[in-house]
Structures are given as structure tokens and as C-alpha cells.
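Coordinate analysis (summary)
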Amino acid sequence: MGTCFSYGNKLIQRTAGKLNSISNIVIIGSGTMGSGIGIDLLNKTQYNITFIDISDAALQRAKEDIKDYFEGMVAGGRLYEGHLEDTLKRVTYTSKFTALKDAEIIWEVATERIDVKKSIFGQIEKNADTDKLLFVFSNTSSHTTSELADLFNDAFLKEKFLTGHGYFPFHANRLFDVMKGRYASEDTFLTGIAFAEQILEKKVIALRKDHHGYIADPIFEGMAAIISWDVKTGQDIVELPQVFAMLTANPFQVLDLTGHMPYTECAKHMGNDLPGHDRLKGVYTFDNRRYPQWIEDLEKSKRAGINSPEKEGFFKWEGKKNREKPVKVYNPATKDYVDIQPIHADDYWSISEAKSMDHRHSTIQDIAGLIHVANATDKGGKTFRRYVVPMMLYALDLIQDGYGTAADINVSTKVGLRFKFGLCEIIDGFLDHFGIDGLLNLAKKAAAENPDRSGFFDVDGLEGPRKGKPSLLYTMKKKGWKNLLGYGRVYGTPVSQKNFNTGETEIYYNDLRFVYPTKKDRVASIIFDNPLRGNVWNKYTLDQLDHALGVCMELYEQGKLGAILFTAAGTGMRMLGADARQFNKGWFDARAGYQFLGEEKAAYFTKAGMRIFRFIQQLPVWTVGAFGEKWGGGAEFTYFLNQRFDLVLHGTEFDTIQRKNVFKEKNNYNQPEIEYAILGGFGAIQELNRLGFGDSMTDELFMQGLTARRAHQLGLANAISESEYELLENAFEVARLKQKNAVPYSMALYNLQKENAYNEGIDDERLTRECGEVFNPAKNPYISTGLLRLLNMGGKNPPVDLTPRGELPGWKNNYGELFSDVDTKKG
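First, a word on what this report is: a plain description of the structure on this page.

Criteria and cut-off values
- Residues numbered from 1 in each chain as written.
- Predicted model: local features only at pLDDT ≥ 70, side-chain atom pairs only at ≥ 80, totals over all residues.
- Heavy atoms only, no water.
- Helix = DSSP H or I, 4+ residues; strand = E, 2+ residues; numbered from the N terminus.
- Buried < 20%, exposed > 50% of the residue type's maximum accessible area, 1.4 Å probe, protein only.
- Areas by Shrake-Rupley, 256 points an atom, 1.4 Å probe, with all protein chains shown as cover.
- Lys, Arg positive; Asp, Glu negative; His and termini not counted.
- Charge placed at Lys NZ, Arg CZ, Asp CG, Glu CD.
- Pairing = 2+ DSSP bridges.
- Right-handed = clockwise from strand over helix to strand, strands pointing away.
- Axes fitted to C-alpha atoms, helices over the stretch in contact; angles between N-to-C directions.
- Parallel < 35°, antiparallel > 145°, perpendicular 65-115°, else oblique.
- Left-handed = near helix turned anticlockwise from the far one by under 90°.
- Contact = heavy atoms within 4.5 Å.
- Nonpolar A, V, L, I, M, F, W, Y, C, P; charged D, E, K, R; others polar.
- Polar contact = N/O pair within 3.5 Å; in protein donor to acceptor, adjacent residues only side chain to side chain.

Here we come to the overall build of the protein. Looking only at helices and strands, the protein has 31 helices and 25 strands in total. Principal axes of the C-alpha set define a box for the protein whose edges measure 90 × 60 × 60 Å. For the protein, the proportion of its 827 residues judged to be buried stands at 57%. When the accessible surface of the protein is summed, it comes to about 35,200 Å², and 51% of that surface belongs to carbon and sulfur atoms. Computing the positive centroid from 101 side-chain charges and the negative centroid from 107, the protein places the two 2 Å apart.

In C-alpha cells form, the structure reads like this:
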């Protein structure tokens, strides 16, 4: 959200202050990744950005790309025209390293060549003002943090150095890696994570242990490398990667978009420096080469992808900028481009059948389809076993060797590499189908089919790089662990992971962040954390929110929770409504139009959401929401909370009277359902009525929306602020102060009285009875110590034990039974 907030974490408080005061960042390297980082920072912060590059042409191209991007935002109504010049003025382009003297953050985004990096790091040592410097990032794709830190002579710079790595396209890809290495201080590491998580609004993989390429890059690089040695014709580049296209995309098409040089440089580095036990090292050492001759031929001819002069790489591309399509494919045999031929279904019938299964089951690339291909005897099955099975085994190796967790791997592949299912979800799907022994046998079958690469498939620790290291599957079998991840009870999507060191289950959320309460504050924070999607409601967020509430209930029962703060990541703290695709049968195809899901399945989404929201509403803890722009179900969710803190928003909107874009205060509350032939499916009408909105105010919200100021005027918003940090600070402070004396009995009675007053109206007899009971220690076990604060005001009184005990009025913790009538299967 461009702002760093600690959420009560004392370790982050000092870091937050530093990050929120930054004004100058220097990016070394102005290529595709560098300019993408610049665009992202201009969108999310008010930083002054300096690009340093020894190539004037690269600087000019970056300048043009950034200008084109923001002019496009103006044309699209996402940036006010009057702000364009001020935005572009915040960027400086230079070839002089003396510009490093003002840098508070330095971000090196240059080549993978170690000699070039050494030269750049020397310039950093020479010109950077270490008194101003918060940390140094390197965006390397293959080097470890420690080997790059060794390029510095200055111990202070080693302590401030991290590798911080984003993915293409940077401003539109949520994944970000932060790797510590052996020199960086703990403060530097936490600062780098907070910067990536809160300023850049990324999903962060934080790695303490050095690993070449983090998690995602070795998997992606390996996907291309493992196929590359089998490529003989252009059609091979089209057909062989189909099995990876089922997971995400043809890796050769992706490399054309990102450029080949990072891949070839990484291949050189991986072949030289990957440890001997790395299962995939062999894909970089065939014939004592780091990559095949045909890729070298492409590189020498400067056919490096879509950004090359002729838009040629593995494919030949045509079309308008940023909308290019592959029209031909490179043929290594003739070293020219040939037509892309249709794929023969007779050769790859299993893939065709898997696609049919997807449509029949109303899913896309369902794991059952992958299993179908993995079992097949056609080319689809054989290529799946030859190429995909080693990737699955490699993921298990990463967990076994302590480089990453199951969650790290799943996030890296699903969020960063855009897998339709994360790699660990896929492995779990195979484990559910085959069992551990069956998956072991699949790997052994693949080894028998591919004697030229048998080491890639070893699971018994008998040969190849994993000799002496039997697969993690054997550990799982011995300990009775059937899966890598845990799955939610609402829709069966991932919510937790197995810690293979401790055997414990830990939180794993892709779309939420959970911050545990401290002993003193007792405030848990639940952050909707998918700003690129707009924090929408879908099956994933419902599963994750439900699981997070389960964690909250465990803390509550231990007396460790008295309040929950809900908020949203992303600039403007946006909270959108339900993902419309939840209500369409199968993957939406504009040519087919809306496909009816069925009343029962459509209704279940509301049923599940309302159970969760109503549970939150009835909790005997204080709930506070701090949000900005809210639409549909995003607004409805906040109606169930005790307090709503709203961000005052300004932005560009089209004025239908003036017929032009204007910069104005934007609405925070929007209920546009009627315009889409639907309804407020999470209870907007009834909850607004409960909150005191009559017909006129409800009509105003549905017809015009409400700004934060108007919502505050009407009593819907309890507090407003123009500052995201101030809004969070005030909301958290209200929660923190109120949790101190959130006595479970009185909190439950308070909720019961509100419910009864709304449903049944005034009842003095009931009130009289409740008053007698509240002073009875046999019914209210908190009265003896709680009332002392009034009876002995100013005296030394024992603290109130806030652990729930006894029977609470009108409330029973029925979290465990909330979905007991639901039979959920994963995914």
C-alpha cells in the first residue's frame, strides 16, 4: 500500500518508521526489469527514482517505456492528466554513478555476468553514502546472496546486502523473493521483507538459506532446459512443451517475452555452481555444455525474443506492441522460421482428452486431467513423465534439503509462474490418486522409459545427484503424512502446510496475511493480500478466512485474543466483491457467454460466506475494519464488523455532465449489483437496515455510492483519514485499547442484547433478568475481579483473567461445527 505498518510487531516498528520516510531510490540497470520496477514504484510510492545505466540507448528506451505506460494510464482514465508531468518528473536518467550519493535504497538490476556485477558493486562502495543507506538489493536470477555479498570489501555493505528478485512483468506479478545470505543482519532482512511485502505489495518468499535462483527460477529455467536438449525441429518447440502449458505456459514463449540473455547467463551459472546433489544440475551439463548449440545460434544471431529488432526468438512475433502473437517458430535444423503446424491429436490424445475432462467437470486444467495424461501411453504421457515428473521430484528435494517449504514452492509456482495449480497442490493430487507407493512407482516407470536420464528420476537414493538421499516420499510414508498441504473445509483449497522439521501444521495463505497478536496487545490482524486481483471474494479467500478464524478461536480460548483488525493490502486498500467467475460454469469463454452453474452451487457461495460473516459478527471480541474503496461483497463484509475506519480517496473519474475525466473524491461504498442483474448476496439490505439505514440512505448508497466523508456523516464510517498509515494506526489503537478489558461474559451479553433489541425490540423483563445474572459470580465468573476496578478505583487490583470460561450468554464457540454438513473435496 506504499506504507509500512507494524500491526503491533515490535521488530517491525522501527523498520516501518525508516521505510515510511524514504524519498530516494536508485535503480542500476534500465532494461525490461529495471523499467518495470520503476513503473511499480511510481505507482505505489512518492519516491524520487534515479536510473543509472552505462547505455544511453537503454536509458532512452526506459524513459520512453515509462512515459508510454503513464500516458496509457491517462488515456484509460486511471491517472489524472494533470498528474502526468509530476509523475514523470520524479524520474532521473543518468550514466553517472555519482548519483548513488543520495540513495536510501540501491537496487541493482543489471546483467547476470559476475564481472559486470563486480564492477557495479565497486561503484556502490565508491559512491554510496552509507549513513543514508537502508539496504542494497540485487535482482539476480541465479547467484546466491553470499557469493554476491563477497564482491563487496566493505563489511557494512555486506551487512546491508540482500538479493531481492521480482518476476516478469514486474508491476503485474505478485511474487517477490528476498534471500538473506550469511552476511545480512536480521534488521536488514526484516526491512527487505517489509519493503517487498508492504511497499511493493508483493507475495514474499523469504529465504534464509542461500539457493541458486531462489525457488521459482530453478523450476522455470529447468522447464525450458529439460526440453531444450530434445528439440530437433521447430515443431518440437511447439509440441514438447504442451505438458508444461497444461500447468502454466510454453516456457519458450515466456522466454521470448522476458529475453533470452537472463536464461543463458543463468544456465552458465547453474551448470558451474549448482551443488552436486541438485537433481536438475544435469540439464545444464549435457555434452559438457550449459545449453544446446541451437540456442547458442539464436543468441549469436541476436534473435533474443520479442524485444529484438525483428521480434524474433524461439518464435517470430507480430502485432501491436504488448499484443504480439507468435506466427512462426524457429527451426533449429534450417536456422530459419517455419509455419506453426497443428498438433496431431492422434499423437497426443491424452492431452485432448484431459481438455475434454476439464470442460466436462467445469474446471480448467483439473489435476485429474494431469493424472490422466501422466498415466497415458501416447506422446503426451511419455513427455509428461520425461519432463514433469522430475520437476515434481525436484520440489520434494527442495523441501527435504531445507531450501524452501511446501508453501514456498506452491506460492512460487502458482503466484510467480502462474501455474493453474501450485506444484505442491499437483503433487498432493497425485498422492491422493496414486498413494505414496504409486507415485514412487510412477517415478520408477519414468526412469525405465528414459534410461538416458535415469538419475533425474531416482527416488531410492541409488544413482545420480541424489545418491544417498532417498526421496522425501519415504519420510512421509514412514511418518504417515499423506499430503504436503492442508486444505480448507469450505471449498477444499490450500490453507496450511506441513512443517517437515517439526511435524506441525502451519498457516499458508495465498490471498491473506495473518499477523499473530502479541501477549500485550491481543489484537490479531487479518489482511486481504491480493491487490492485483483487487482482494476479491472467491473460493480461496473464503477457505483462508475461515481457517484464519479457526486460528483466532484457538487464541481466544487461550485468552490471547481480544480484538481482530481487518484490512486490505494494495494502494487505496481496495476490497472488491465476489469474483464473477465463481458463478459461471467452467472457465468463462466470451464466445459461449454466461453458463449457468446451477442454483444449488450458486447459492452455496452465499451460504458459506454468510456463515463466516455471521460468525464474525457474533464473536465475543471486538472487530475493526480499515479499508478504502469497497465494492459489492467487499462493502458488505464490513457491515458485519463493530467499527469501520475509512480511507478518504481521490482519483480520476469520468464526469458524465462535463464529458471529461476529472480528479475528485471517490466513493468508498459501492453496491452496483442491480446494474449486473444480481443482488447483494452477502446481506447488504438486511445489514444496512440493522445498522440504522432507512430506505432513503440505502437507496443513496445503491444509486450513488458513499464517499468516506458522507459515510462518516451518516454514521456508517466510525472514523476517516486521508492517510493510510494514520487510518491503520487509529484503527489498531482502538482495537488495542478495547481488547484490554474485553471481558468474555460481557462481550457475549453485549452482542446478545444487540441481537435481541433488533429482532424483538424492547423487553424490560429480559433486561432485569440479565442484570441480576451479570452480578452473580456463579454465572459471571469475571464479576469478582472486574467490578473491583469500580469498587476499589485507584487501588491495586488483580488483573482480570480474560480466558473464556463458564457458559457465555447467547454464544457458544461452534466454529468446529460451522461446516459439519459440507463434504469438501480438494480444489
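Position of N668 relative to the elements: it lies in strand 23 (residues 667–670). Looking at N668, the relative accessible area reads 0%, which means it is buried.

Another point: the pairing of strand 7 (residues 175–179). The buried count for strand 7 comes to five of five residues, which makes it a mostly enclosed element. Burial along strand 7 is two-sided: L175, D177 and M179 and F176 and V178, pointing in opposite directions, are all buried. Bridge analysis of strand 6 (residues 161–166) against strand 7 gives four bridges, and the strand direction is antiparallel. By the bridge assignment for strand 7, T163 is matched with M179. With five bridges joining them, strand 7 and strand 8 (residues 203–207) adopt parallel strand pairing. When the bridges of strand 8 are listed, F176 appears paired with V204. Tracing the backbone out of strand 7, into helix 8 (residues 186–199) and back to the parallel element strand 8 gives a crossover that is right-handed.

The subject of this paragraph is the packing of helix 2 (residues 32–44) against helix 3 (residues 56–75). At a minimum axis distance of 10 Å, the contact between helix 2 and helix 3 shows a crossing angle of 40°. Comparing the axis directions of helix 2 and helix 3 gives the class oblique. Handedness of the crossing formed by helix 2 with helix 3: right-handed. Listed contacts from helix 3 to S35, I39, L42 and N43 of helix 2 are A62, I66, Y69, F70 and M73. Split by residue class, the contact of helix 2 with helix 3 holds seven nonpolar, two polar and no charged.

What follows is about unusual backbone geometry. Cis peptide bonds are those with omega within 30 degrees of zero, and the linkage from F168 to P169 qualifies with -15°. Mapped onto the secondary structure, P169 falls in the loop between strand 6 and strand 7. The backbone of N288 shows a phi angle near 60°, a positive value even though the residue is not glycine. Its identity as a non-glycine residue notwithstanding, M573 has a phi of 50°, on the positive side. Here M573 lies in the loop between strand 17 (563–568) and helix 22 (599–618). Among the residues examined, M573 registers a relative accessible area of 0% and is labelled buried.

Right, let's get into the sheet that holds strand 18 (residues 622–627). Strands in a sheet are paired, the pairing made by backbone hydrogen bonds, and the direction either parallel or antiparallel. The mixed open sheet is built from six strands, whose spatial order is 15-16-17-18-20-25. Sheet topology places strand 15 (512–515) and strand 25 (719–721) at the edges, where each strand pairs with a single neighbour. Each neighbouring strand pair of the sheet contributes to a mean axis angle of 15°, computed without reference to strand direction. One ladder, built from four bridges, connects strand 18 with strand 20 (residues 643–647); its direction is parallel. Its bridge partner lying in strand 20, V624 is registered against Q643. With respect to the sheet, helix 21 (residues 539–557) is in contact with strand 15, strand 16 (523–528) and strand 17, its orientation differing from that of strand 15 by roughly 10°.

Looking at where R513 falls in the secondary structure, it is placed in strand 15. Polar side-chain contacts of R513 include one of 3.5 Å to the side chain of E197.

Right, let's get into the environment of F189. Structurally, the position occupied by F189 is in helix 8. Setting aside anything within four residues of it in sequence, one finds F189 in contact with L162, V178, M179, K180, A206, L207 and R208.

Looking now at the packing of helix 9 (residues 216–228) against helix 13 (residues 261–273). Contact geometry of helix 9 with helix 13 gives a least axis separation of 11 Å together with a crossing angle of 90°. Comparing their axes, helix 13 and helix 9 come out roughly perpendicular. Residues P218, E221, A224, A225 and S228 of helix 9 touch helix 13, and the partners they reach there are P262, Y263, C266 and M270. Here the contact of helix 9 with helix 13 is built from residues that sort into seven nonpolar, one polar and one charged.

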